[in-house]
Structures are given as C-alpha cells and as structure tokens.
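So you can see what is in the structure, the chains are spelled out below.
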Amino acid sequence: MKPSGAARGLRSTVTVAFAVGALVVSSSLALGTYLSARHLLVDQRERTATRQAYTDAALVRDSLLTSGAQVSDVLGAISPPAGVVIYVRRNGEWYSSTLDNARPDLTSSVQPIVAQGSVGLAWTGATDPHAVVVGVPLPAVDAEYYEVSVAEELDETLWTLGLALVIGAALTTLAGGLLGRAASRRVLAP
C-alpha cells in the first residue's frame, strides 16, 4: 500500500526541519569557531610583528649610534623576513629596505602615534593581502622606525579555515536531512 499524500508531506516537513535545525546549529558553531580563531590568529600575528619590529628597531638604533653610520647602509645590512619592508624616517627623509616596494604611505596610520613618542600598531588595506604596520620611535638617533609586514600566511590560514567550516556545515546539514528522513520513515510507517 502506498503512503498517502499527507504522510509524504509530513515526511518532507520532518526531513526539512531536521536539515534546517542541523544547518542552524552547524552554522552557528562554524561562525563562532571562525570568529574565535580569527581573533586568536590576528592577535598572535600582531604580537609576532611587534616583537620582530622591536628587535629590528633596536638593531637599527644601535647601528645608527655608530659614528658616521648612514641609514641606507644600515638598512642594507639588515635582512628582514619575507614579506616585510622596513622604513626609517630621519631628518624628514625616508629610507626603505627595498627599492621595488618603497611606499612610506603605508605607515601613515601609525605616524602620528610614533611622532608623539609611542609605539604604534595598525592594519592597512593598501596591500593585498592586508599588512600589519608597527612603528617605533628611536629618540636616541632622532629617527622613526616602521615595519610593514604583509599577513599572507594569516590570510591563507583564515581562508582555509573558513572553507573547512563551510564544508563541515554543509555536510552536517546533509546528515541532518538524512537523519530526519530516516526518523520520519520510522515514525510515520503504517
């Protein structure tokens, strides 16, 4: 005997309800996981960039304290990590650790903070992907030190995490629908 139209409609309703419930729960968990992980990873990236900038700024300061040292020579002797560009402003003149990416405008968000004698940290969207900018005043040598670090690995990690969470939410929704279908067949069996 074939199931009636009402039973088919009820089965579909139960299946859809299970699938929607699974979608809501899995999406909420995925979003919470993504936001928590993003906050943690961004915070970790900022701390790492700040530590690296302090280390490199101290090296630049100590080198500039040497009699007759030129900023361009000091920057030429430093090997920043990949994706990092160093800028030094001294006596109103800008110096860069690279020739192909000399854009001191990337530091504009932290320049006022550094000019007041404080360490500044900000993100800039002027690069692709975004970069963290750390500025350190160097009063001993009358200079300002800036480090622009492109967060390519962070961008890739967050993209991969987001993709994995979306796939997980989709699979959970599918599993919820299949569970709803099996439950409705059992409950509505004649």
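What counts as what
- Residues numbered from 1 in each chain as written.
- Predicted model: local features only at pLDDT ≥ 70, side-chain atom pairs only at ≥ 80, totals over all residues.
- Heavy atoms only, no water.
- Helix = DSSP H or I, 4+ residues; strand = E, 2+ residues; numbered from the N terminus.
- Patch = residues over 30% accessible without salt bridge, like charges linked within 9 Å, V, L, I, M, F, W, Y side chains within 5 Å.
- Areas by Shrake-Rupley, 256 points an atom, 1.4 Å probe, with all protein chains shown as cover.
- Salt bridge = Lys/Arg side-chain N within 4 Å of Asp/Glu carboxyl O.
- Buried < 20%, exposed > 50% of the residue type's maximum accessible area, 1.4 Å probe, protein only.
- Pairing = 2+ DSSP bridges.
- Lys, Arg positive; Asp, Glu negative; His and termini not counted.
- Charge placed at Lys NZ, Arg CZ, Asp CG, Glu CD.
- Expected span 1.5 Å × (residues − 1).
- Axes fitted to C-alpha atoms, helices over the stretch in contact; angles between N-to-C directions.
- Core = buried A, V, L, I, M, F, W, Y, C linked by side-chain atoms within 4.5 Å.
- Contact = heavy atoms within 4.5 Å.

### Here's the deal with unusual backbone geometry
Thought 1: Look at the link from D128 to P129: it is a cis peptide, with omega at -5°.
Thought 2: Note on placement: P129 falls in the loop between β3 (120-124) and β4 (131-138).
Thought 3: The phi dihedral of N91 is positive, around 55°, even though this residue is not glycine.
Thought 4: Relative to the helices and strands, N91 resides in the loop between β1 (84-90) and β2 (93-96).

### Focus on a nonpolar patch on the surface
Thought 1: On the surface, a cluster of nonpolar side chains totalling about 660 Å² of accessible area is made up of W159, L163, I167, L171, L174 and L178.
Thought 2: Relative accessible area serves as the criterion here: at 45%, I167 is assigned to the partly exposed category.

### Focus: the pairing of β1
Thought 1: Across the 7 residues of β1, 5 count as buried, placing the element largely inside the fold.
Thought 2: Examined bridge by bridge, β1 and strand β5 (residues 143-150) share 7 bridges and lie antiparallel to one another. By the bridge assignment for β5, Y87 is matched with Y146.
Thought 3: Of the pairings in the sheet, the one linking β1 to β2 comprises 4 bridges and is antiparallel in character. Of the residues in β2, the one forming a bridge with R90 is E93.
Thought 4: Once β1 ends, the chain turns through 2 residues before running back antiparallel as β2, passing N91 with a positive phi of about 55°.

### Quick notes on a negative patch on the surface
Thought 1: Among the surface-exposed residues, D128, E152, D155 and E156 lie close enough to one another that they form a single negatively charged patch.
Thought 2: Summarising the element assignment, D128 is placed in the loop between β3 and β4.

### Looking at helix α4 (residues 152-187)
Thought 1: Taking 1.5 Å of rise per residue, 36 residues should cover 52 Å, and α4 covers 52 Å from first to last C-alpha, within 8% of that figure.
Thought 2: Those residues of α4 not exposed but buried are L154, L158, G162, L165, A169, T173, G176, G177, G180 and S184.

### A look at the sheet that holds β4
Thought 1: Strand order across the open sheet formed by 5 strands is β2-β1-β5-β4-β3, with antiparallel pairing between neighbours. Looking at strand neighbours, the two that pair on one side only are β2 and β3, the edges of this open sheet. In this sheet, neighbouring strand axes are inclined to one another by 20° on average, regardless of whether the strands run parallel or antiparallel.

### A look at the nonpolar core
Thought 1: Core analysis: the largest hydrophobic core is formed by 19 residues, its most contacted members being V60, I86, V88, L138 and Y145.
Thought 2: Elements that contribute at least two residues to this core include exactly α1 (5-64), α2 (71-77), β1, β4 and β5.
Thought 3: Non-local contacts of L138, meaning those with residues more than four positions away in its chain, are made with A57, V60, R61, A143, E144 and Y145.
Thought 4: Listed in part, the 10 residues of the second largest apolar core include V85, Y87, V110 and A131.

### Quick notes on the environment of G120
Thought 1: Secondary-structure assignment places G120 in strand β3.
Thought 2: Spatially, the C-alpha atom of G120 lies 4.9 Å from that of G135, the residues being 15 residues apart in sequence.
Thought 3: Setting aside its immediate chain neighbours within four residues, G120 contacts V110, I113, V114, V133, V134 and G135.

### Comments concerning the pattern of salt bridges
Thought 1: Taken as a whole and assessed by the stated rule, the structure comprises 4 salt bridges.
Thought 2: R89 is the salt-bridge partner of E144, the closest N and O atoms lying 2.8 Å from each other. Taken together, the residues span a long stretch of sequence, with E144 in strand β5 and R89 in strand β1 at a distance of 55 residues.
Thought 3: The class of E144 is buried, set by a relative accessible area of 12%.
Thought 4: The class of R89 is partly exposed, set by a relative accessible area of 23%.

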